[in-house]
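Survey of secondary and tertiary structure
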Amino acid sequence: MDLDFNNDLEKRISDAFCVFDHHGDKLIDVREVGTVLRLLGCVPTEQEVNEVISATETEETSGVVHLTKFLPHVSQLLMERKMEPAAPEKILEAFKILDFENKGYLTKDSFGKLMMEEGEPFTQEEMDEMWPVAIDPISGHIPYELYLNQLMVYL
């Protein structure tokens, strides 16, 4: 089944979806939904990923999402600017709030504890991926303005 795309947004969503469509049948495993959303530049919470899955999972075969349901749903979310990453200024503001002593850095222990226990917790695997970029190898601390600049390069 061929799909006609009305705009660049739909084409972008379809292209991201098809990266994970391993059989060319316009279906992906529900476990790939979060990855597709992140590939589109979204920063969804696990709850938001689950909401997209619930809204787009096929009734006939649970565990998979068809592009014909995914495309309009995610198009609408993106047009409403849902799941966008926080602005760099907001992230810097958050780091400064966590830096009680105004030192310009956070310790690995305190930041790691926050990241794994507060809000939507990171997994140990996610932390292990983050540390090489976040931690200054000389001081062992997280100089958050430098870290934020490095994050902006990746976004």
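This one's a predicted model, so the numbers in the text were calculated from it and none came from an experiment. (Residues numbered from 1 in each chain as written. Predicted model: local features only at pLDDT ≥ 70, side-chain atom pairs only at ≥ 80, totals over all residues. Heavy atoms only, no water.)

Focus: the overall build of the chain
Along its length, the chain carries eight helices and four strands. Counting from the amino terminus, helix and strand elements in the chain follow one another as α-β-α-α-β-α-α-β-α-α-β-α. With the C-alpha coordinates of the chain rotated into their principal frame, the extents come out at 60 × 30 × 25 Å. Expressed as a percentage of its 155 residues, the buried residues of the chain come to 32%. When contacts within the chain are restricted to residue pairs at least 6 apart in sequence, those whose partners lie at least 24 apart make up 52%. (Helix = DSSP H or I, 4+ residues; strand = E, 2+ residues; numbered from the N terminus. Buried < 20%, exposed > 50% of the residue type's maximum accessible area, 1.4 Å probe, protein only. Contact = heavy atoms within 4.5 Å.)

Brief notes about the UniProt feature "domain: EF-hand" (unreviewed entry) in the chain
The positions UniProt marks with the feature "domain: EF-hand" (unreviewed entry) are residues 8-43 and 86-121. In this annotation, residues 8-43 is assigned 53% helix and 8% strand; the end-to-end C-alpha distance for the span is 20 Å. Helix makes up 58% of residues 86-121 and strand 6%, and the two end C-alpha atoms of the span are 17 Å apart. (UniProt positions renumbered as here; feature names shortened; annotations may be inferred.)

Let's talk about helix H1 (residues 8-19)
The end-to-end C-alpha distance of H1 is 17 Å, a good match for the 16 Å that twelve residues give at a rise of 1.5 Å each. Its side-chain oxygen at 3.0 Å from the backbone nitrogen of Leu9, Asn7 defines the N-terminal cap of H1. (Expected span 1.5 Å × (residues − 1). Polar contact = N/O pair within 3.5 Å; in protein donor to acceptor, adjacent residues only side chain to side chain.)

Some words on the packing of helix H3 (residues 46-56) against helix H4 (residues 67-79)
With their axes 9 Å apart at the nearest point, H3 and H4 run at an angle of 140 degrees to one another. Classed by the angle they form, the pair H3 and H4 counts as oblique. Every pair of crossing elements has a handedness; the one defined by H3 and H4 is right-handed. On H4, the residues that touch Val52, Ala55 and Thr56 of H3 are Lys69, Phe70, His73, Val74 and Leu77. Residue composition of the contact of H3 with H4, by class: five nonpolar, two polar and one charged. (Axes fitted to C-alpha atoms, helices over the stretch in contact; angles between N-to-C directions. Parallel < 35°, antiparallel > 145°, perpendicular 65-115°, else oblique. Left-handed = near helix turned anticlockwise from the far one by under 90°. Nonpolar A, V, L, I, M, F, W, Y, C, P; charged D, E, K, R; others polar.)

Points about the nonpolar core
Among the nonpolar cores identified, the biggest contains 23 residues, and Ile13, Val33, Leu37, Leu40, Val52, Phe70 and Val74 are the most heavily contacted of them. Listing elements by their share of this core, those giving two or more residues are H1, helix H2 (33-39), H3 and H4. A per-element tally of this core places H4 first, with six residues. Leave out the neighbours within four places in its chain, and Val33 touches Ile28, Val49, Val52, Ile53, Val65 and Phe70. Within the second largest apolar cluster, twelve residues are counted, among which are Met115, Met130, Ile135 and Tyr144. (Core = buried A, V, L, I, M, F, W, Y, C linked by side-chain atoms within 4.5 Å.)

What about the pattern of salt bridges?
This structure, assessed with the given rule, holds seven salt bridges. The salt bridge involving Arg38 is made with Glu46; its shortest N-O contact spans 3.5 Å. (Salt bridge = Lys/Arg side-chain N within 4 Å of Asp/Glu carboxyl O.)

Digging into the packing of aromatic side chains
Under the counting rule described, the total for this entry stands at five aromatic pairs. Seen from their ring centres, Phe95 and Phe111 are 5.6 Å apart, and the 40 degrees between their planes marks the pair as tilted. With a gap of 16 residues between them, Phe95 in helix H5 (residues 88-98) and Phe111 in helix H6 (residues 108-117) connect regions that are remote in the sequence. On the accessibility criterion, Phe95 (6% relative accessible area) is buried. With a centroid separation of 6.2 Å and 75 degrees between ring planes, the pair formed by Phe95 and Tyr147 is classed as edge-to-face. Taken together, the positions of Phe95 in helix H5 and Tyr147 in helix H8 (residues 144-154) put the pair 52 residues apart, joining distant regions of the chain. Take Phe95 and Tyr147: they sit in the same class, and that class is buried. Ring pairs connect the aromatic residues Phe95, Phe111, Trp131, Tyr144 and Tyr147, which therefore count as one cluster. (Phe/Tyr/Trp six-rings, centres within 6.5 Å; stacked < 30°, edge-to-face > 60°.)

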